[in-house]
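A closer look at the structure
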Amino acid sequence: MTMKKENKENDEIIPSGITRKDAIKKMGKYATLTAMGTFMILNPKKAQAQSASGGESDDSDDSDDSGNPPPPTGWGD
Amino acid sequence: MISAEEKLLVNVLYKPESEILNGIEIYNINFDNLMKLASRHLMLPALFFNINKKNISYLFPEDFIEYIKNIYSINKARNTILLKEAKELSELLYKNNINHIFLKGTALLLSNVFEDIGERMIGDIDFIIQHKDEQKVEKVLEKNNDNRSQTINLFNVFKPTHLDRRLYKTIAIEPHLELLEPKNRWVFNSKELVNDFKVETKAIKTPSKSFLFDHCIYAIQIRDKGFINSYHSHRSVYDIYKLDCKKSLTIKNIKKDIFIKHFFITINKFKIFDIHIKTTLLSSYFDKLFRFLFISFLKIFTVIDIYIFKLSLIIQLFFNNELRERALNKISIHYNNKTLLNYLYTWLKL
């Protein structure tokens, strides 16, 4: 029962078009290669809360069809 | 020998779009290694910023860009909070008549050295105060928001480089009394900032660009031992590049100071700065001799420093109740089995 539920959750397709399983795989690959110093500075607990509101809206508003990342906010000021 | 990944990192950071692939076969790049290298040097946000600025994201895998974009966004959000807290902290210190100057990454951000505040990764808010304000700062920070771990006040022969690192709201702060450790203060010390402290103002103070240039190089060469093991940090190189100190970046000035000269010789292989330092047989012999004497001095001073510290600790055991209590607690864990500790415990308790 639990296995099935987990599989269902992992296969759930989120709006960006990839499954949660894929997303975890992708983040996981580079996250394991990233030096600890980077994570220690970013202090995810506090920084994530701040970036979640600003960062997510940036994604939906500025991404173009080619998949290129949007310009950093404030760029060109 | 520079790896292809390091060459690409340098080209992305410093070269114009048309020259980024000069001498690089993009198919030979191992993006996992690039991730390891850039993150080790705390350069992921700067890498993303430059990729975006130069419109070269097509050269990188999509998931790579997506990942470093997230890192950049989180870093930018964090730096926004950091700047806000630095300004609040400055107001609080001025309210209590404490003169202070911001240092390192925070000073670079406040001086608008970077095009974007998300580019630079900063660990904490560093600022320097005058020795006379040491107690005042402790009191003010304790009253407002002191989250440091319990420490015992010990007498130090040499002024510590900074007071205890502590959390101010969400970002850690480090109130400095000096710029470098005691053994290195003969090279670079807070006297350099005397004139900056004299300026009467209640606005946020940062040192001049030439001071930030010197501090950045001395920190990497002396504190991080770049002078001894020829280590280079891409974050420091990027800071120097962004500081754009035309006055300091002349061959004459560079040759005048052996630490600055060594910094530029170490990074010469990347060809970032248009500086060609010629070394003669005599000058390289002199440099080697200086390096030998410098390392010997550091070793001797470290040993002396350890013994002075141990001696002062023993003397303070007689006068500092807090310290004696802590020592007793530690001894009490072991004293049942060891005769000497048992003796010390009984002796100190009396």
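**What about the overall build of chain A?**
- Looking only at helices and strands, chain A has four helices and zero strands in total.
- Along its sequence from the N terminus, chain A presents helices and strands in the succession α-α-α-α.
- Relative to its full complement of 77 residues, chain A shows a buried share of 9%.

**Details of the domain arrangement of chain B**
Residues and elements named next belong to chain B.
- By the assigned domains, chain B splits into domain 1 (4–270) and domain 2 (281–349).
- For domain 1 versus domain 2, the separation of C-alpha centres amounts to 31 Å.
- With nine residues of domain 1 at the contact, the number on the domain 2 side is 15 residues.
- A breakdown of the residues in the side of domain 1 that touches domain 2 according to their chemical character gives eight nonpolar, no polar and one charged.

**With respect to the environment of Ile331 of chain B**
Residues and elements named next belong to chain B.
- Structurally, Ile331 can be placed in helix H14 (residues 321–334).
- Ile331 gets classed as buried once you count the C-beta atoms within 10 Å, which come to 20.
- Sequence separation between Ile331 and Tyr345 is 14 residues, and the spatial gap between their C-alpha atoms is 6.4 Å.
- Apart from residues lying up to four places away in sequence, Ile331 is in contact with Leu341, Leu344 and Tyr345.

**Quick word on the confidence of the model for chain B**
Residues and elements named next belong to chain B.
- The predicted model of chain B averages 85 in pLDDT, with 94% of residues at 70 or higher.
- Taken element by element, the predicted model of chain B shows its lowest mean pLDDT in helix H11 (residues 251–256) (71) and its highest in helix H3 (residues 44–53) (95).
- Interface confidence for the predicted complex, expressed as ipTM, amounts to 0.74; the pTM equals 0.75.

**A closer look at the packing of helix H8 (residues 209–223) of chain B against helix H10 (residues 234–243) of chain B**
Residues and elements named next belong to chain B.
- Between H8 and H10, whose axes approach to 10 Å, the crossing angle comes to 165°. By the angle between their directions, the pair H8 and H10 is classed as roughly antiparallel. Considering the relative orientation of H8 and H10, their crossing is left-handed. Where H8 abuts H10, its residues Lys209, Leu212, Phe213, Cys216 and Ile220 lie against Ser236, Asp239, Ile240 and Leu243.

Scoring rules and cut-offs
Residues numbered from 1 in each chain as written. Chains lettered and ligands numbered in written order. Predicted model: local features only at pLDDT ≥ 70, side-chain atom pairs only at ≥ 80, totals over all residues. Helix = DSSP H or I, 4+ residues; strand = E, 2+ residues; numbered from the N terminus. Buried ≥ 20, exposed ≤ 12 C-beta atoms within 10 Å, placed from the backbone. Domains from an automatic or database assignment. Contact = placed C-beta atoms within 7 Å. Nonpolar A, V, L, I, M, F, W, Y, C, P; charged D, E, K, R; others polar. pLDDT = per-residue confidence, 0-100. Axes fitted to C-alpha atoms, helices over the stretch in contact; angles between N-to-C directions. Parallel < 35°, antiparallel > 145°, perpendicular 65-115°, else oblique. Left-handed = near helix turned anticlockwise from the far one by under 90°.

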